[in-house]
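Residue-level structure breakdown
Listed here are the chains, written in short residue letters.
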Amino acid sequence: MTADRADELDERAPPIEVRGLYSAFEDHIIHKDLNLTIPHGDVVGVVGGSGTGKSVLLNTIIGLKRPEGGTVKIFGQDIEHASRRKWTAIERRWGVLFQQGALWSNLTVKENVAAPLQEHTNLGHKEISELADLKIALAGLAPGSGALKPSELSGGMIKRAGLARALALDPELLFLDEPTSGLDPISSAAFDELIRDLADSLDLTVFMITHDLDSLYAITDQVAVLADKKVVAMAPVRELEKSDHPWIRSYFLGTRGRASAEARKAQAAASGAN
Amino acid sequence: MDQPADFTLSQTAQGRAAVLSGDWTATRMEPANEKLVQALVGVREVSIDLTGIGRLDTAGAYEILKAADASARTVNYIARPEITRLLELVDRAVKAEGTPVVRRRSFHEFFERIGHGVINVGLEAFDTMVFMGHLLVAIARACANPRRVRWAACFSLFERAGLDALPIVVTTTFFIGAVVGLLGANMLRTFGAQVFVVQLIGVAVLREFNVIITAVLLAGRSGSSFAAEIGAMKMNQEIDAMRVLGVDPFDALVFPRFFALFLAFPLLVFAATIAGLAGGLVVAWSQLGLGPTFFFSQLLTTVGPTHFWVGMSKAPVLAIIIAGIGCHQGMEVGGDVESLGRKVTASVVHAIFATILIDAVFALIYMKLDI
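These numbers were taken from a predicted model, which means no experiment stands behind them.

**Digging into the overall build of chain B**
- Scanning chain B from terminus to terminus reveals 12 helices and 5 strands.
- Compactness check: chain B gives a C-alpha radius of gyration of 35 Å against a globular reference of 21 Å for 371 residues, more than 25% above the reference.
- With respect to the principal axes defined by its C-alpha atoms, chain B has extents near 110 × 60 × 45 Å.
- The buried share of chain B, reckoned over its 371 residues, is 36%.
- Relative to all contacts within chain B whose residues are 6 or more apart in sequence, the contacts with residues 24 or more apart total 84%.

**Comments concerning the overall build of chain A**
- If you tally the helices and strands in chain A, you get 11 helices and 10 strands.
- For a compact globule of 274 residues, the expected C-alpha radius of gyration is about 19 Å, and chain A comes in at 19 Å, within 12% of that figure.
- In terms of principal-axis extent, the alpha carbons of chain A reach across some 55 × 50 × 35 Å.
- Looking at chain A residue by residue over its 274 residues, the buried ones come to 42%.

**Side note on the sheet that holds strand β3 (residues 43–48) of chain A**
Residue and element names in this part refer to chain A.
- Here 6 strands make up an open sheet; going across it, the order is β6-β7-β8-β3-β9-β10 and the pairing mixed. Of all the strands in the sheet, just β6 (94–97) and β10 (230–235) have a single pairing partner and so form its edges. The mean angle between the axes of side-by-side strands here comes to 15°, regardless of whether they run parallel or antiparallel.
- As paired elements, strand β9 (residues 222–227) and β10 share 5 bridges and run antiparallel to each other. Paired with Val225 across the strands is Ala233, a residue of β10.

**Things to note about the packing of helix α4 (residues 106–144) of chain B against helix α11 (residues 305–331) of chain B**
Residue and element names in this part refer to chain B.
- As a packed pair, α4 and α11 sit with axes 11 Å apart at the nearest point and diverge in direction by 115°. Considering their axes alone, α4 and α11 lie roughly perpendicular with respect to each other. The hand of the α4/α11 crossing is right-handed. From α4, Thr128, Phe131, Met132 and Leu135 reach across to α11, where they touch Gly324, His328 and Met331.

**Re helix α4 (residues 109–120) of chain A**
- Where α4 of chain A is concerned, the buried positions are Val109, Lys110, Asn112, Val113, Ala114, Ala115, Pro116 and Leu117 of chain A.
- Looking at the packing, one finds that the buried side of α4 of chain A touches α5 (125–138) and α6 (155–166) of chain A.

**Some words on the interface of chain B and chain A**
- Taken together, the 10 residues of chain B in the interface contact 13 residues of chain A.
- Within the side of chain B that touches chain A, the residues separate by chemical class into 4 nonpolar, 3 polar and 3 charged.

**As for the pairing of strand β1 (residues 16–25) of chain A**
Residues and elements named next belong to chain A.
- The sheet contact formed by β1 and strand β4 (residues 69–74) spans 5 bridges and is antiparallel. Directly across from Val18, in β4, lies its bridge partner Val72.
- Pairing of β1 with strand β2 (residues 28–38), which is carried by 7 bridges, proceeds in the antiparallel orientation. The residue bridging Ile16 from the neighbouring strand is Ile38, located in β2.
- What sits between the antiparallel neighbours β1 and β2 is a turn of 2 residues, in which Glu26 has the positive phi angle 50°.

**Examining the packing of helix α7 (residues 197–235) of chain B against helix α9 (residues 249–288) of chain B**
Residues and elements named next belong to chain B.
- The interhelical angle for the contact between α7 and α9, taken along N-to-C directions, is 145°, at an axis separation of 7 Å. The two elements α7 and α9 meet at a crossing, and its hand is right-handed.
- For the contact of α7 with α9, the class distribution of residues is 20 nonpolar, 6 polar and 1 charged.

**Topic: the nonpolar core**
- By size, the foremost hydrophobic cluster in this structure holds 145 residues, and its most contacted members are Val96, Ala164, Phe175 and Val206 of chain A together with Leu261, Phe265 and Ile322 of chain B.
- Looking at which element gives the most residues to this core, the answer is α7 of chain B, with 19 residues.
- Excluding residues within four positions of it along the chain, Ala164 of chain A makes contact with Val113, Lys135, Ile136, Leu138, Ala139 and Leu141 of chain A.

**Overview of α5 of chain A**
Residues and elements named next belong to chain A.
- Taking 1.5 Å of rise per residue, the 14 residues of α5 would be expected to cover 20 Å, and the 20 Å separating its terminal C-alpha atoms lies within 8% of that figure.
- Listing the buried residues of α5 in full gives Ala132, Lys135 and Ile136. Along the long axis of α5, the arc covered by the buried residues comes to 100°, so they all point the same way. Exposed and oriented more than 90 degrees from the buried face of α5 are Lys126, Glu127 and Glu130.
- Elements in contact with the buried residues of α5: α4 and α6.
- Positive backbone phi, approximately 85°, marks Gly140, located one or two places after α5.

**Some thoughts on the sheet that holds β1 of chain A**
All names here are of chain A.
- Pairing in this open sheet of 4 strands is antiparallel, and the strands run β2-β1-β4-β5 from one edge to the other. If you trace the sheet from one side to the other, it starts and ends with β2 and β5 (77–78), each paired once.
- Strands in contact with helix α2 (residues 54–61) are β1, β2 and β4; relative to β1, the strand with the most contacts, it is inclined by about 120°.

**Considering unusual backbone geometry**
All names here are of chain A.
- Even without being a glycine, Glu26 presents a positive backbone phi close to 50°.
- Mapped onto the elements of the fold, Glu26 is located in the loop between β1 and β2.
- Positive phi is not limited to glycine here, since Asp228 has a value of about 50°.
- For Asp228, the location among the structural elements is in the loop between β9 and β10.

**Things to note about the environment of Thr306 of chain B**
- Relative to the assigned elements, Thr306 of chain B resides in helix α11.
- According to the C-beta neighbour criterion, Thr306 of chain B is exposed, with 12 such atoms within 10 Å.

**What to know about the confidence of the model for chain A**
- Predicted confidence across chain A gives a mean pLDDT of 85, with 96% of residues reaching 70 or more.
- Predicted confidence for residues 1–7 of chain A stays below pLDDT 50, and this span has 2 contacts to residues more than four positions away or in other chains.

**Some details on the environment of Glu119 of chain A**
- For Glu119 of chain A, the location among the structural elements is in helix α4.
- Taking the C-alpha atoms as reference, Glu119 of chain A lies 37 Å from Pro236 of chain A; in sequence the two are 117 residues apart.
- Every residue in contact with Glu119 of chain A, bar those within four places of it in the chain, is listed here: Leu245, Gly246 and Val247 of chain B.

**Quick word on the environment of Ile239 of chain B**
- Mapped onto the fold, Ile239 of chain B is located in helix α8 (residues 238–244).
- Each C-alpha atom of the pair Ile239 of chain B and Trp309 of chain B lies 40 Å from the other, and the pair is 70 residues apart in sequence.

Criteria and thresholds
Residues numbered from 1 in each chain as written. Chains lettered and ligands numbered in written order. Predicted model: local features only at pLDDT ≥ 70, side-chain atom pairs only at ≥ 80, totals over all residues. Helix = DSSP H or I, 4+ residues; strand = E, 2+ residues; numbered from the N terminus. Rg over C-alpha atoms; globule rule 2.2 N^0.38 Å. Buried ≥ 20, exposed ≤ 12 C-beta atoms within 10 Å, placed from the backbone. Contact = placed C-beta atoms within 7 Å. Pairing = 2+ DSSP bridges. Axes fitted to C-alpha atoms, helices over the stretch in contact; angles between N-to-C directions. Parallel < 35°, antiparallel > 145°, perpendicular 65-115°, else oblique. Left-handed = near helix turned anticlockwise from the far one by under 90°. Nonpolar A, V, L, I, M, F, W, Y, C, P; charged D, E, K, R; others polar. Core = buried A, V, L, I, M, F, W, Y, C linked by C-beta atoms within 7 Å. Expected span 1.5 Å × (residues − 1). Arc of directions from axis to C-beta. pLDDT = per-residue confidence, 0-100.

Right, dumping it as structure tokens:
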């Protein structure tokens, strides 16, 4: 696994590069000439109104949906023309947390986390078991929860277990589909913090679809805005506040957007005073 | 406190005034709402006094607005502020324009449905071919590299889909054998040919009933559970989660189910054969006094092993069909619960239909071959 790693993918290429993406369902156009480059090490939030194709974009990037036009490159490799070898190399380097967790319901949490390791490594049972325990702990789950089945978990635990599985192969690229949706504000904040911590300490590049303004302010380096079938802006959240695009304005300067921004400012001021 | 809706009308200088009372709610306003509409027909200026009203909900507000707006040009509402707010809220919602719904004519729709149906048959045939091709690749991959096969899943499914079905398969074929025996005994006795009941039971059970009954039971029991399991996993994005990890769902889900049924089916058919013969034997012994020794010697000389092998030869084919249809329908499930229900139903119906069809084809082939 380690020997063939270097020659497979270009280390210096941006983790995600989407060029001229065109997606459509029959005659309903979803993306047209969409461009998006995510640089190494950034936590990028992807926002957009309902129906702007955030999930379609995610599915296209992770290869579940074939685009109608344009190219998607992961670590410099065009995924549509990738050989099986390159695909395997890509799969080892990304992790995906689906919106509902998508844990395999017939396996326990620990077996879920161990599955990617069994699939992609030649490690022994003991090592895999230990590594799975480690990931479960990293994701902030209590040690006993490895033995539980997904149906026995709460919403927040499912997200954490899904994150543990996404982190199983120590990916460099992490996809999160609305990681804090359906969580209460305290769990959301804790989950945000966890993602930020992991991104910083593991040097992750994160592609995160979210509706949660607090998450955007708390953890993203940049925010990509999907509107008018393309990415209309990609900038740090503070700069987007000043944008004059109508959708961005109503998003950030609506009542909820202002409340989040002010809460962050107050927090920053408080920590500055200390 | 609870009073039905009512109103009183009075004539004023400007027009008509209605004083409403009681609860104007969805459950209590009948029939006052219709009377109010009639009372205000053709009136140009209306004053509606709502100060004496009990409770008002959105349905009541909607009826009052509808009655007032039907013909009156100026409407004057006298009401408490919270009632006025509710009226305004409902008024805004009523005035918000809905998207125009294109009404299709039934004639047009009829042809559209036929067209869709025809195209869907083609698409489904194509999808089935894609599925079968994919399954063949998965089987070839498993043969080429048996260490990659998920044996644990294979054998746990073998137990669940195969061995757990043993009691029901055995019980059902036992009774089928007995019924065939009884019918045969009664009919053959009338012309004194009751010894031929052994031959009748032997041929019916060995050749047809063992394999058909097993197939129908497994289609209802295992085929549907394959479709439901895989479909639910698809709805929950579990299959997407496999794909992004580079795990082919055909290797992880379809092949083990296929393997389990392929292995279990002939064994179940064998058990069904024994049970069916036992059922026939019980009847022959108790009704006609033909003991086991006679029964089996007669079975060997008049029926012979050919019929047994004819029945068994259908087993692997039917196993492939039932497992294939169940898994295929499961993979076809979309994102909604309705499609899950539809596909599970389809898996059972298609599998039973295919079973009967294939059995007929086998019967024709063996007839031509004179077996």
